[in-house]
Amino acid sequence: MNQTKLLSLVQSCIPTLENNKHKGQAGRIGIVGGSLEYTGAPYFSGISALKVGADLVHIFCASQAGTVIKSYSPELIVHPLLDHPNAIEKITPWLERLHAIVIGPGLGRESGILSTISALISIIREMRIPLVIDADGLYLITQDLNLIKNFTSPVILTPNKIEFERLSDKINLADGINELGNCVTVLRKGKTDETLSPAASVQWQYNDGGSGRRCGGQGDILSGSIATFLHWILNNKNVTVEGTDKNLLASSLACFAGCTLVRRCNEKAFKIKGRSMLASDMIPFLHDAFTELYENKSL
């Protein structure tokens with residue numbers, strides 16, 4: 001699918017800002033991650049989902065990360081429950097409110113929490129909630145690929161170079177992605193971003209924009225952005241491609257929207273900050289980049 005068509009399809013899914021909308025309609029996103037060592041990642045993912053246009057973001061993190069993440073932003077709803085003895089019981093009631101979930105930013109690899117995440121993925125599968133998996137969430141599924149099989153709702157994996165190599169040790173993603181199920185899309189991040197999908201019609205490659213600066217946090221900005229776009233596209237009944245499954249189309253378009261947006265934010269921030277650019281420097285450019293790409297219909 002060419003970039004002009006991709007841009008046009010994404011633009012058609014951007015919800016209008018009207019006074020008759022209610023809070024939550026533009027997206028209620030869940031971010032599962034955040035540990036003692038890693039508190040910035042879930043913040044970047046969550047605040048990006050909000051700034052792209054979601055109405056509410058819930059972050060489910062370990063208890064030691066909760067107060068820290070709350071201090072970053074009053075807009076984020078923080079649930080420090082992942083290491084709670086009754087974590088599943090306490091988190092599950094919140095899931096039915098969510099339109100999409102991101103698992104992985106700052107999650108860490110503590111065995112008890114990873115066991116909780118495995119159980120949550122099974123519940124998410126049963127509830128058919130669209131899912132984005134990144135970072136240590138990818139580490140978890142690499143240990144057990146069965147966790148993401150048999151989904152009937154969209155699953156997006158967002159591996160970087162090293163994470164992709166780990167996954168490729170388990171399965172030939174280039175040729176065998178169908179083995180993961182009919183709803184799994186892989187966004188391979190790198191110098192050129194590309195999607196691997198069971199539907200060849202929605203695969204693409206993109207390398208415009210960006211910069212040579214590879215500071216931490218950019219993948220988290222991407223995952224939160226993708227989650228919001230994914231909800232919007234799935235919610236738009238008019239966006240279809242003949243012969244292509246809607247879940248796979250929505251996943252591909254959400255990945256394209258997120259990649260183009262983050263690359264342009266990176267490019268804009270790098271022009272000002274150069275070598276000293278950080279992920280936090282990219283956040284203020286989300287609005288301008290979004291407007292240029294998806295609200296300027298002349299592009």
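Residues numbered from 1 in each chain as written. Predicted model: local features only at pLDDT ≥ 70, side-chain atom pairs only at ≥ 80, totals over all residues. Heavy atoms only, no water.

So, about unusual backbone geometry. Phi is positive for Arg 128, close to 60 degrees, though the residue is something other than glycine. Mapped onto the elements, Arg 128 comes out in the loop between helix 5 (111–127) and strand 5 (131–133). Positive phi is not limited to glycine here, since Asn 150 has a value of about 70 degrees. Mapped onto the elements of the fold, Asn 150 is located in the loop between helix 6 (136–143) and strand 6 (155–157). (Helix = DSSP H or I, 4+ residues; strand = E, 2+ residues; numbered from the N terminus.)

Okay, the UniProt feature "domain: YjeF C-terminal" (unreviewed entry) in the protein next. Taking the UniProt record as the reference, the feature "domain: YjeF C-terminal" (unreviewed entry) is found at residues 6–293. Helix makes up 47% of residues 6–293 and strand 12%. Its end C-alpha atoms lie 11 Å apart. (UniProt positions renumbered as here; feature names shortened; annotations may be inferred.)

Before going further, it helps to examine the environment of Ser 225. Examined against the element boundaries, Ser 225 turns out to sit in helix 9 (residues 218–235). You can call Ser 225 buried: its relative accessible area is 0%. (Buried < 20%, exposed > 50% of the residue type's maximum accessible area, 1.4 Å probe, protein only.)

This part takes up the environment of Asn 238. Mapped onto the elements of the fold, Asn 238 is located in the loop between helix 9 and helix 10 (246–273). Sequence-wise, Asn 238 and Ser 12 are 226 residues apart; in three dimensions their C-alpha atoms are separated by 8.8 Å.

Assignment of secondary structure puts Glu 96 in the loop between helix 4 (87–95) and strand 4 (100–103). Along the backbone, Glu 96 and Met 127 are 31 residues apart, and their C-alpha atoms lie at a distance of 7.5 Å.

Looking now at helix 2 (residues 40–52). Note on helix geometry: an α-helix contains 3.6 residues per turn, so any two residues three or four positions apart are oriented the same way. Here helix 2 spans 18 Å end to end across 13 residues, near enough to the 18 Å set by a 1.5 Å rise per residue. Turning to helix 2, its buried residues are Ala 41, Pro 42, Tyr 43, Phe 44, Ser 45, Gly 46, Ile 47, Ser 48, Ala 49, Leu 50 and Val 52. Positive phi appears at Gly 53, one or two residues downstream of helix 2, with a value of about 145 degrees. (Expected span 1.5 Å × (residues − 1).)

Let us look at the layout of surface pockets. Each pocket or cavity is described by its volume, and for the largest pocket that value is around 900 Å³. In this structure, the largest pocket is lined by 39 residues; those nearest its centre are Asn 160, Lys 189, Cys 215, Gln 218 and Gly 219. A per-element tally of the lining of the largest pocket places helix 10 first, with five residues. By residue class, the composition of the lining of the largest pocket is ten nonpolar, 17 polar and twelve charged. Taken together, 26 residues make up the lining of the second largest pocket; nearest its centre are Ile 14, Pro 15, Leu 17, Gly 53 and Trp 232. Secondary-structure elements contributing two or more residues to the lining of the second largest pocket are helix 2, helix 9 and helix 12 (286–295). With six residues, helix 12 is the largest single contributor of residues to the lining of the second largest pocket. Per-class residue counts for the lining of the second largest pocket are 13 nonpolar, eight polar and five charged. (1 Å grid on protein atoms, 1.4 Å probe; cavity = no way out; pocket = protein on both sides within 12 Å on 5 of 7 lines; lining within 4 Å. Points joined across faces, edges and corners; volume = space filled by probe spheres on them. Nonpolar A, V, L, I, M, F, W, Y, C, P; charged D, E, K, R; others polar.)

The next point concerns the pairing of strand 7 (residues 184–188). Strand residues, when the strand is regular, have side chains that alternate between the two faces of the sheet. Burial runs high along strand 7: four of the five residues are buried. Bridge analysis of strand 6 against strand 7 gives three bridges, and the strand direction is parallel. Counterpart to Ile 156 in the pairing with strand 7 is Thr 185. Across three bridges, strand 7 lies against strand 8 (residues 193–196) in antiparallel orientation. (Pairing = 2+ DSSP bridges.)

Within this structure, the stated rule accounts for one cavity of 30 Å³ or more. Reported here for the largest cavity is a volume of approximately 40 Å³. For the lining of the largest cavity, the secondary structure elements donating two or more residues are helix 4, strand 4 and helix 5. The residue makeup of the lining of the largest cavity, split by class, is eight nonpolar, no polar and no charged.

It is worth spelling out helix 1 (residues 3–11) at this point. Listed as buried for helix 1 are Leu 6, Leu 7, Leu 9, Val 10 and Gln 11. In the core, the buried residues of helix 1 are packed alongside helix 9, helix 10 and helix 12. Its side-chain oxygen 3.2 Å from the backbone nitrogen of Thr 4, Asn 2 forms the N-cap of helix 1. (Contact = heavy atoms within 4.5 Å. Polar contact = N/O pair within 3.5 Å; in protein donor to acceptor, adjacent residues only side chain to side chain.)

What follows covers the UniProt feature "binding site: (6S)-NADPHX" (unreviewed entry) in the protein. According to UniProt, the "binding site: (6S)-NADPHX" (unreviewed entry) feature falls on Gly 106, Asn 160, Lys 161, Ile 162, Glu 163, Phe 164, Glu 165, Arg 166 and Asp 220. In the annotated set above, the residues contributing to the lining of the largest pocket are Gly 106, Asn 160, Lys 161, Glu 163, Arg 166 and Asp 220. Here Arg 166 shows up in helix 7 (residues 161–170). Residue classification places Arg 166 among the partly exposed positions, given a relative accessible area of 35%. Contacts of Arg 166, omitting those with residues within four sequence positions, involve Arg 109 and Thr 142. Examined against the element boundaries, Asp 220 turns out to sit in helix 9. Classification of Asp 220 as buried rests on a relative accessible area of 10%.

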